[in-house]
Amino acid sequence: MSDAPTRKHPAGCGRTLVASAMIGLIAGIDNLGNGLAIAALLFTGPLAAGLGAGVGVVLLSAAILAFIVALRSTQPNSVALVQEAGVAILASTVAAMAADLDGAPETAKVATAFAILGGSTLVTGLLFWLVGRLRLGRLVRFFPHPVVAGFLAGSGWLLVEGALAMVSGRHGLGAGLSRVTEPAVAVTAAAAVGLAVLLMLVMRRSGSPFAMPLALLAAALVFHAALPLLGVGMEQARGWGWLPDGAGSGGLNLPVPTDILMLADWSRVVAALPAMVSVAVLGMLGLLLNVSGIELAQGRDIDADAELRSTGAANLLAGALGGPSGYVGLGMTLLAGRLGAAGRGAGLATAAVILGGLSVAGWLVSVTPVFLTAGLILFLGVELLQEWLVEARRRLPRTEWLIVLAVVLAIAGIGFMEGLALGLAVSLAMFVYSYSRLPVIRGRHSGSELRSRVDRSPAASLHLTGAGAAIEAMQLQGYLFFGTAEQIVAPVRRRLEQAGDRPLRFLVIDFSHIKGMDSAAAGVFRRIRNLMEGAGATLVLSALPAAVEEAIRSCGLDPDRDPVLRRAPDLDHALESCEETLLAEAVRGGGAVAADAPLLRQLEGHLELLTGPHPRLADAVAALDTLHLEPGELLIRAGEAASDVFIIGRGRVKVQIALPDGRPLRLRTMTAGAVVGEIALLLGQTRGADVVVETQATIHRLTAATLARLEREDPELALVLHRILATTLAQKVTLANRLIEQAAG
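## A closer look at the nonpolar core
Judged by nonpolar contacts, the single largest core of 106 residues is most densely connected at Leu-42, Phe-43, Val-55, Ile-116, Leu-199, Leu-376 and Phe-379. In terms of residue count, the dominant contributor to this core is helix α2 (residues 51–72) (13 residues). Residues Val-440, Ile-488, Met-532 and Leu-565 belong to the second largest nonpolar core, which totals 31 residues.

Here it is as C-alpha cells:
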C-alpha cells in the first residue's frame, strides 16, 4: 500500500511556501503603511517629537502580534494586525492629555503618551486573557450590536478628526478647521482628501491586495518628483508641514522604558483608564467578530476562548514595550486561505517583513509626506463611517440605527466615554422597553371554563358552570421585573371593577412557567393582595418557585399566615381548592343534591342529571353492586383486564400513574357521581392507570357479565346503561378538547 496520502507533495509544500511569502509581503507592507499612519495619528502637534519612536514601537508591536498569534492561534493561517479603531480612541485621549500638560516639558508629554498607549495594550491583553481563561468568550457576543456599531462608527469619526489634526497640527474640529485656510495647510488638506478619494475608488474597483500599497507608493513618488519641479527643497517642505518634523532619519528608534517610568505623568495615565478599558472592550468585540467571520467563511469552528488567551499574551508583551493593541485581521486571514497558505507561515512571514522594515523605519518616517498618512487615516475613518453608520441604515431597524447615530453624535460632540455611556444607557432602555412589551400573562380563564382535574357529579358540575365565574385563573410566563409586572395589575383591577352579579371570589395566579422575579415585581403582588382584600376575595399563589417565594416574602407577604393568601402546589390543586369552597357553600345554601339523602337516591339523582329523566333509572341503579372501601385501597390496577365499570356514590378516588422513578403522578380525582373505567371496558383494553381510594368511599359497580346478561334479557335496561356510559365518555372527550384548546391558546 502506498504511503503517499500521509506525506505532503513537494509541489504542494512549495505552493504553500510561496503563498505564505506572498501574504507576508502583502500584510507586512500593509502594516508598515498603517504603522506610519497610526504613529502619525498619535504623535502629532505637541507630541510630534515622539513620532520616530512611535513608528518604531508600533511596527515592533505589529511584528510581536503577528509572530505570537501565528504560533499559538487555533487557526493556523491567522494574520494579526495592529487595529486602528482602538488607536483612534487613544489619539483623542493623548491629545487631551497634551492639552492639559500645556506647560510641561515635551519629553514628559511624549512619555505620558507612551505610558497611556502601552497601558491600554496591557489592559487589553489582561482582559483578553482573563475572559479566555474563564471561557466567557461566547458571552461577550451578547454585547448590544447597535452599541458596537456606534463605537466603530464613532471610531471612524475620531479617525477623521485625527486626520484633520495631522494636517493642521491642532486637535479639535474647530481648531483644525481654522488652520485649513492657511495656504500650506490647505494644500496638505486638499492632497489628503484627494488621496482618500483615490483610495476609495481603487479599493472599490480592484480586488488586488497590492492595490492600496501601490497607490500609496505612487502618491509618495509623485510628491517627491513634484518637489524639484516646484523648486521646493526637503527642509522647506518640512517647514511648511508637508513632511514630518523631528522624526529623524536613522534606523530603529524605540522609547526607553526607564524614561517612560520616570518622565510620565502617572496621574494622567490613571485618568485615561476609562478610555483604556473602552479600547480593551472594543478590541475584544472586534476580535470575536473577526473570529466569527473566519468561522463562517472557512466553515470550521474556532475556539474563541483559545484565541482570546493567545492574543492576550501577545498584547501583554506588546504593551510592556509601550506599543498599541491588535488581533487577528479578518481580510488578511481570509486572503491567506484563498491563496493557499495553509500553515503558520503567513503570520511568521508577516512578522519577518515588519521586522525588516524596522531597520529603515526612521528614514521612512522622514520621507513620508504628511498628506499620505493623513489621507490614509481619513480613508480608514470614512470607511468605518460608511460601513457602520451609512450602510447600517439598510441593515438595522430604524430604532437600532438611531442608537448608532446617537452614539456617533455623542462621540463627536461630547467625547468617546460619553458616547459609550449614552449607547449603553439607550440600549438598556430599549431592551427594557422591548422586553416590557412581551406578554407575561400566558393565559386567563374563568373557573367556568377552566376546571380542575376532578370528575364531579352532574349536579356539582352544573353548579360550577355558573358559580365558577367567581374564580379567575391567571397563568404567568417568562421573567418578571419592574417593566413587565405591571401587566398583571391592570386586568385584575378591571375584573374587580366589572364584577356585576358575579363578584370575584378567588384569583389564582400560577407561577409554573415563571423563570424568576426581581424585588420591584414582588411589590406588584403586594398591591394585588391589597386589591383582593378590599374586594373580600382570596389570592391563591400556585406553583411558587423558591426564588419567587423568597422575593414575595421579602416584600412582607406570607403565603402561609396571611388570611387573604393561599398557596397550592400546582394550578390543578389551586382550582380544586376554590371549587371545593364554592360547592361547600352551595350545599350549606341548599343549592346541590342533599348529602344526607339515601345513597341509591343520590346516585339516581346524579344519573338523571347526566342523561335526563328515564323510567328505568331506578332499575339501572338496582343492577349495580355496592362496594365499601377504605382510604388507600386499590380500586383498579394498571395493566389488568377491564371487566367492570364503577360509579362513585360517596367519597373520592384518584387516578394515578407511576413515574419512571417510582413516584406516583395524579392524573385526575373523582368524586360522587363520577364514572371510572368505562373506556377500557367499552374498548376491551387493559387498565391504563391505577385508581386509589382517597377517602372512605361507597362505590357502585357494573360488571361486564351483568351488562351482557341485561343485553340478552332486558335490552331496554342495557340501553339505559350504555347511554350512561356513552354520555360520560362524551363529556370526557369534550373536556379533553377544551383543555387542548386552552393549552394551544
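## Quick look at the packing of aromatic side chains
Within the structure shown, the criterion is met by 4 aromatic pairs. Plain terms: the ring middles of Phe-223 and Phe-371 are 5.8 Å apart, the flat faces sit at 50 degrees to each other, and that makes the pair tilted. You can see Phe-223 sitting in helix α9 (residues 211–230) and its partner Phe-371 sitting in helix α18 (residues 370–390), a full 148 residues away along the chain. Given the relative accessible area of 11%, Phe-223 is considered buried. Residue classification places Phe-371 among the buried residues on the basis of a relative accessible area of 12%. Aromatic side chains Trp-240 and Trp-242 sit 5.0 Å apart centroid to centroid with 70 degrees between the ring planes, which places their arrangement in the edge-to-face category. A relative accessible area of 13% places Trp-242 in the buried class. The lysine or arginine in question, Arg-393, covers the ring of Trp-401, its NZ or CZ lying 5.5 Å from the ring centre. One residue, Arg-395, lies across the ring of Trp-388, its end atom 5.7 Å from the ring centre.

## As for the layout of surface pockets
Once rolled over the atoms, a probe with the size of a water molecule shows which space is left empty. Of the pockets and cavities examined, the second largest pocket occupies roughly 750 Å³. Lining the second largest pocket we find 37 residues, and of these Ala-91, Ser-92, Thr-93, Ala-95 and Ala-96 sit closest to its centre. Only α3 (84–100), α4 (106–133), α6 (145–168), α12 (266–271), α13 (273–298), α20 (398–413) and α21 (416–436) provide two or more residues apiece to the lining of the second largest pocket. If one sorts the elements of the lining of the second largest pocket by residue count, α3 sits on top with 11 residues. Each residue belonging to the lining of the second largest pocket can be placed in one class, and the counts come to 23 nonpolar, 7 polar and 7 charged.

## Focus: a nonpolar patch on the surface
On the surface, Leu-122, Leu-126, Trp-129, Leu-130 and Leu-316 cluster together to form a nonpolar patch covering roughly 400 Å² of accessible area. Counting residues per element, the nonpolar patch draws most heavily on α4, at 4 residues. Its location among the elements puts Trp-129 in helix α4. Residue Trp-129 is classed as partly exposed on the basis of its relative accessible area of 35%.

## Re the pairing of strand β13 (residues 664–670)
In this sheet, β13 lies alongside strand β4 (residues 454–455) in parallel orientation, the contact comprising 2 bridges. From the neighbouring strand, Val-454 faces β13, where its bridge partner is Thr-669. Strand direction decides the pairing type here: strand β12 (residues 653–658) and β13, joined by 6 bridges, are antiparallel. Following the sheet pairing, Val-653 is matched in β13 by Met-670. The antiparallel hairpin formed by β12 and β13 contains 5 residues in its connecting segment, where Gly-662 sits at a positive phi of about 95 degrees.

## Overview of empty space enclosed by the protein
The final tally for this structure, using the stated rule, is 3 cavities of 30 Å³ or more. Looking at the largest cavity, its volume works out to about 70 Å³. Along the walls of the largest cavity sit Gln-83, Ala-85, Gly-86, Thr-124, Phe-128, Val-279, Leu-282, Gly-283, Ser-325, Gly-326 and Tyr-327, which together make up its complete lining. For the lining of the largest cavity, the secondary structure elements donating two or more residues are α3, α4, α13 and β2 (326–328). Broken down by element, the residue count for the lining of the largest cavity peaks at 3 residues, all from α13.

## Here's the deal with the sheet that holds strand β11 (residues 644–650)
Strand order across the open sheet formed by 4 strands is β9-β16-β11-β14, with antiparallel pairing between neighbours. In the strand order of this sheet, the two ends are held by β9 (625–629) and β14 (675–676), each with one partner. Taken strand by strand, helix α30 (residues 704–713) contacts β11 and β16 (697–703), and its axis lies near 50 degrees from that of β16.

## Some words on the pairing of strand β7 (residues 538–542)
Most of β7 is tucked away: 5 of the 5 residues are buried. Burial along β7 is two-sided: the face carrying Thr-538, Val-540 and Ser-542 and the face carrying Leu-539 and Leu-541 are both buried. Taken together, the 5 bridges between strand β6 (residues 506–517) and β7 define a ladder with parallel strand orientation. Within β7, the position partnered with Leu-507 by the bridge is Leu-539. Following the chain from β6 across helix α24 (residues 519–534) to the adjacent parallel β7, one finds a crossover that is right-handed. Relative to strand β8 (residues 565–568), β7 runs parallel, the two sharing 4 bridges. Residue pairing in the sheet places Ser-542 in a bridge with Ala-568 of β8. In this fold, β7 hands off to helix α25 (residues 546–554), which returns the chain to β8; that crossover is right-handed.

## Focus: the environment of Gly-241
Within the secondary structure, Gly-241 is located in the loop between α10 (234–239) and α11 (257–263). Residue class for Gly-241 comes out partly exposed when judged on its relative accessible area of 28%. For the pair Gly-241 and Val-167, spaced 74 residues apart in sequence, the C-alpha to C-alpha distance is 7.8 Å. Residues within four places of Gly-241 in sequence aside, it is in contact with Thr-188 and Val-370.

## Structural notes on the sheet that holds β6
Taking strand neighbours across the sheet as the criterion, the 5 strands line up as β3-β5-β6-β7-β8 in an open arrangement whose pairing is mixed. Sheet topology places β3 (441–446) and β8 at the edges, where each strand pairs with a single neighbour. For this sheet, the mean angle separating the axes of adjacent strands, direction not counted, is 20 degrees. Where β3 meets strand β5 (residues 471–480), 5 bridges bridge the pair, whose relative direction is antiparallel.

## Section: the side chain of Thr-671
Examined against the element boundaries, Thr-671 turns out to sit in the loop between β13 and β14. The exposure class assigned to Thr-671 is buried, which follows from its relative accessible area of 10%. When sequence neighbours within four positions are dropped, the list of residues in contact with Thr-671 reads Val-454, Asp-455, Arg-456, Ser-457, Ile-648, Gly-651 and Arg-652.

Criteria and cut-off values
Each residue is numbered by its place in its chain's sequence as written, counting from 1. Local features are withheld for residues below a pLDDT of 70 in this predicted model, meaning they are given only at 70 or higher, and side-chain atom pairs are given and counted only at 80 or more; totals for whole chains, interfaces and linings count all residues. Derived side-chain values reflect all non-hydrogen atoms in the structure, with water molecules and hydrogen atoms excluded from consideration. Buried residues of nine kinds, namely Ala, Val, Leu, Ile, Met, Phe, Trp, Tyr and Cys, make up a nonpolar core once their side-chain atoms join them within 4.5 Å. Burial classes: relative accessible area under 20% of the type maximum marks a residue as buried, over 50% as exposed, and values in between as partly exposed (1.4 Å probe, protein chains only). In this text, helices come from DSSP runs of H or I with a minimum length of four residues, and strands from runs of E with a minimum of two, each type numbered from the N-terminal end. Here a Phe, Tyr or Trp ring, Trp counted by its six-membered ring, pairs with any other such ring whose centre lies within 6.5 Å, and the pair is stacked when the planes are under 30 degrees apart, edge-to-face when over 60, and tilted otherwise. Whether a charge sits over a ring depends on NZ of Lys or CZ of Arg being within 6 Å of the ring centre and within 35 degrees of the ring normal. Using only the protein atoms, space was sampled on a 1 Å grid; points where a 1.4 Å probe fits but cannot get out form cavities, open sets with protein on both sides within 12 Å along at least five of seven lines form pockets, and lining residues are those with an atom within 4 Å of a point. Grid points are joined across faces, edges and corners, and a volume is the space filled by probe spheres set on the points. Classes in brief: Ala, Val, Leu, Ile, Met, Phe, Trp, Tyr, Cys and Pro nonpolar; Asp, Glu, Lys and Arg charged; the others, Gly included, polar. Here the term patch refers to residues with relative accessible area over 30% and no salt bridge, with like charges joined within 9 Å and nonpolar side chains (Val, Leu, Ile, Met, Phe, Trp, Tyr) within 5 Å. Using a 1.4 Å probe, accessible areas were evaluated by the Shrake-Rupley method; residue-level cover was limited to the displayed protein chains. For salt bridges, the criterion is a side-chain nitrogen of Lys or Arg within 4 Å of an Asp or Glu carboxyl oxygen. Between any two strands, pairing holds if DSSP finds at least two bridges. Contacts between residues were defined by any pair of non-hydrogen atoms, one from each residue, lying within 4.5 Å. Every angle, taken between N-to-C directions, lies between 0 and 180 degrees, and every axis is a line fitted to C-alpha atoms, over only the stretch in contact when it is a helix. When the strands point away from the viewer and the path from the first strand over the helix to the second turns clockwise, the crossover is right-handed.

On their own, these measurements won't tell you what the molecule is for.
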